[in-house]
Amino acid sequence: MTNALFNANRMKLGVMAFNCSHGSTVTTADGAWPMTWEDNAALARMVDAAGMEVLLPVGRWKGYGGETNFNNRTFESFTWASGIGAVTKHCTVFATVHAPLVHPVAAAKMAATADHISGGRFAINLVAGWFKNEFEMFAAEWREHDRRYEYAAEWIELVKHLWSAEEAFDFNGEFFQGKALWSQPKPVQSPRPPIMNAGSSPVGQSFSAEHADMNFVMLRQKDEDSDTAQIGHLKTLAADLGRASQCWIHGYVVCRETEKEARDYLEHYVVERGDDVAVGNMLDIFGVQSETLEPAVLEAFKYHFKAGHGGYPLIGTPAQIVEAMQRLSAMGVDGILLSWVDYLGEAKQWIEQVMPLMEQAGLRAPFRPSAG
Ligand SMILES: Cc1cc2nc3c(=O)[nH]c(=O)nc-3n(C[C@H](O)[C@H](O)[C@H](O)COP(=O)(O)O)c2cc1C
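Residues numbered from 1 in each chain as written. Predicted model: local features only at pLDDT ≥ 70, side-chain atom pairs only at ≥ 80, totals over all residues. Heavy atoms only, no water.

Engineer: Looking at this model, I keep getting lost on a nonpolar patch on the surface. Mind explaining?
Structural biologist: A contiguous nonpolar patch, built from W61, M137 and F138 and spanning about 280 Å² of accessible area, is present on the exposed surface. Mapped onto the elements of the fold, M137 is located in helix 4 (residues 132-138). For M137, a relative accessible area of 46% translates into the label partly exposed. (Patch = residues over 30% accessible without salt bridge, like charges linked within 9 Å, V, L, I, M, F, W, Y side chains within 5 Å. Areas by Shrake-Rupley, 256 points an atom, 1.4 Å probe, with all protein chains shown as cover. Salt bridge = Lys/Arg side-chain N within 4 Å of Asp/Glu carboxyl O. Helix = DSSP H or I, 4+ residues; strand = E, 2+ residues; numbered from the N terminus. Buried < 20%, exposed > 50% of the residue type's maximum accessible area, 1.4 Å probe, protein only.)

Engineer: Got a minute to help me understand unusual backbone geometry in this structure?
Structural biologist: Leave glycine aside and you will find that most residues have negative phi; peptide bonds, for their part, are mostly trans. Note the cis peptide between Q184 and P185, where omega equals 5°. In this structure, P185 sits in the loop between strand 6 (177-181) and strand 7 (195-197). With an omega dihedral of 5°, the bond running from S190 to P191 counts as a cis peptide bond. Examined against the element boundaries, P191 turns out to sit in the loop between strand 6 and strand 7. If you check the backbone angles, N71 has positive phi at about 60° while not being a glycine. Mapped onto the fold, N71 is located in the loop between strand 2 (54-56) and helix 2 (77-87).

Engineer: Is there a simple way to explain the nonpolar core in this structure?
Structural biologist: A general tendency of soluble globular proteins is for nonpolar side chains to be buried together. By size, the foremost hydrophobic cluster in this structure holds 89 residues, and its most contacted members are W155, L314, M325, L328, I336 and W350. By residue number, the principal contributor to this core is helix 5 (residues 145-164), which donates 9 residues. With 12 residues, the next largest nonpolar core counts Y252, L266, Y269 and I315 among its residues. (Core = buried A, V, L, I, M, F, W, Y, C linked by side-chain atoms within 4.5 Å.)

Engineer: Is there a simple way to think about the packing of helix 1 (residues 37-49) against helix 2 in this case?
Structural biologist: Angle between the axes and distance between the axes: these two values describe a pair of packed helices. Their axes nearest at 9 Å, the elements helix 1 and helix 2 cross at an angle of 50°. Judged on the interaxial angle alone, helix 2 and helix 1 are oblique. When the axes of helix 1 and helix 2 are compared, the crossing they make is right-handed. Residues W37, N40, A41, A44 and R45 of helix 1 form the contact with helix 2, whose participating residues are W80, G83, I84 and V87. The residue inventory of the contact of helix 1 with helix 2, partitioned by class, reads 6 nonpolar, 2 polar and 1 charged. (Axes fitted to C-alpha atoms, helices over the stretch in contact; angles between N-to-C directions. Parallel < 35°, antiparallel > 145°, perpendicular 65-115°, else oblique. Left-handed = near helix turned anticlockwise from the far one by under 90°. Contact = heavy atoms within 4.5 Å. Nonpolar A, V, L, I, M, F, W, Y, C, P; charged D, E, K, R; others polar.)

Engineer: Even after reading the chapter, I still don't get the pattern of salt bridges, so can you show me in this structure?
Structural biologist: Across all of its chains, the model carries 15 salt bridges by this definition. E53 is the partner of R364 in a salt bridge, and the nearest nitrogen-oxygen pair spans 3.0 Å. Taken as a pair, R364 in the segment after helix 12 (343-360) and E53 in the loop between helix 1 and strand 2 lie far apart in primary sequence, 311 residues in all. Residue K306 pairs with D276 through a salt bridge whose shortest N-O separation is 2.8 Å.

Engineer: Got a minute to help me understand the packing of aromatic side chains in this structure?
Structural biologist: Any pair of aromatic rings gets described here by the distance separating the centres and the angle formed by the planes. As enumerated under the stated definition, the model contains 17 aromatic pairs in all. Ring centres 6.2 Å apart and planes at 50° place the aromatic pair F18 and Y343 in the tilted group. A residue pair is termed long-range when its members are at least 10 positions apart, and F18 in the loop between strand 1 (12-16) and helix 1 and Y343 in helix 12 qualify at 325 residues. Side by side, F18 and Y343 carry an identical accessibility label, which is buried. Ring centres 5.3 Å apart and planes at 45° place the aromatic pair Y64 and F70 in the tilted group. Neither residue differs from the other here; Y64 and F70 are each classed as buried. (Phe/Tyr/Trp six-rings, centres within 6.5 Å; stacked < 30°, edge-to-face > 60°.)

Engineer: Looking at this structure, how should I read empty space enclosed by the protein?
Structural biologist: Which parts of space are left empty comes out when a probe the size of a water molecule is rolled across the atoms. In the structure shown here, the tally under the stated rule is 1 cavity of 30 Å³ or more. In this structure, the largest cavity occupies an estimated 60 Å³ of space. Every residue lining the largest cavity is listed: Q205, S208, A209, N215, L234, K235, A238, S245, Q246 and C247. Residue composition of the lining of the largest cavity, by class: 4 nonpolar, 5 polar and 1 charged. (1 Å grid on protein atoms, 1.4 Å probe; cavity = no way out; pocket = protein on both sides within 12 Å on 5 of 7 lines; lining within 4 Å. Points joined across faces, edges and corners; volume = space filled by probe spheres on them.)

Engineer: For this particular structure, what's the right way to read the site of the ligand?
Structural biologist: Neighbouring the ligand are 15 residues, the closest being G59, H145, Y149, A198 and S201. In the environment of the ligand, an oxygen atom lies 2.8 Å from a nitrogen or oxygen atom belonging to the backbone of G59. Between the ligand and S200 there is a distance of 2.9 Å, counted from an oxygen atom to a backbone nitrogen or oxygen. For the ligand, the protein covers 91% of the area, taking 610 Å² as the surface of the free molecule. The class makeup of the residues in the shell around the ligand is 7 nonpolar, 8 polar and no charged. (Near = heavy atom within 4 Å. Polar contact = N/O pair within 3.5 Å; in protein donor to acceptor, adjacent residues only side chain to side chain.)

Shown next as structure tokens:
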């Protein structure tokens, strides 16, 4: 079976962050995601049956405070992936793994387990560390930024070796040492499960190009030309190493019958019901010096993070959203991971109203389950 990530659809789709309370929207609006296993399983089954490619959890260990305590409740991502893999048939199911918080020997085996449970549909979203406050829970060393990527490089090298080695081996790295290392069973996928990484700094981008099959990019969204250049740069970095790398983004969606309805609802959940305390804490954790930003820039930044955790806005009618995705495809985007305020209700609407238009526009082929 071929992993859905590598099918021929020009714009691949997935759903992200539904293993976390409030998903990607920092709001107290009615219907905001309470995050139960029953809802996770129902959403995953619906998305899977519609033929989307990816189900992706966020790797998050504590919330951001405020009235929502945004992302306070989160299912751990390897165990989540195993459960989701068991209730779906088609989608690629990711775990988001913090390299410094999970030992490679444990990670290689957990990944192989999830790959068997899902019948060869597992993938890893490898993150090097973003939020210091999470690392403090583990008393884990918070390395200097670029050092974190050196650590992640050795981590993934060791995991890949564990996935492929047919003989026990000793490992003497800078960060990891061990004797007679061994992991069985191997993953179902050969040579290995796919790897995604969201590094965006120069070192993070080089890491992605060298070690990942897809980069999960946060587009700067200044204008189309600069976004196109940002994506082109990522793909060139990989091509220069003789590798192909897909480019995925996060898109937050408000789809309504009219553009006005969509914009009114966005304003409602972001401005009337947005959680300013949580987003303020998020800025602090990001190390954004809010007092040094122009008030208008700061407000725009906060708006964007309350609306969808800094993702790409897909706001309007089904036709307008498909036009936006055609532009994104022309810019080099290979896939979008979607989020909504009300995942279950709005994913259903997406499947019924947006996906047929994507097919008409040539962005996707109709889904035939037997085609895998
Ligand atoms: C869409 C997206 C999702 C991300 N998800 C996570 C996550 O779940 N957990 C995490 O610790 N970091 C996450 N990150 C952070 C990245 O791994 C990375 O640290 C960040 O983009 C900054 O890049 P840099 O590490 O190269 O400075 C995410 C980033 C993006 C753009």
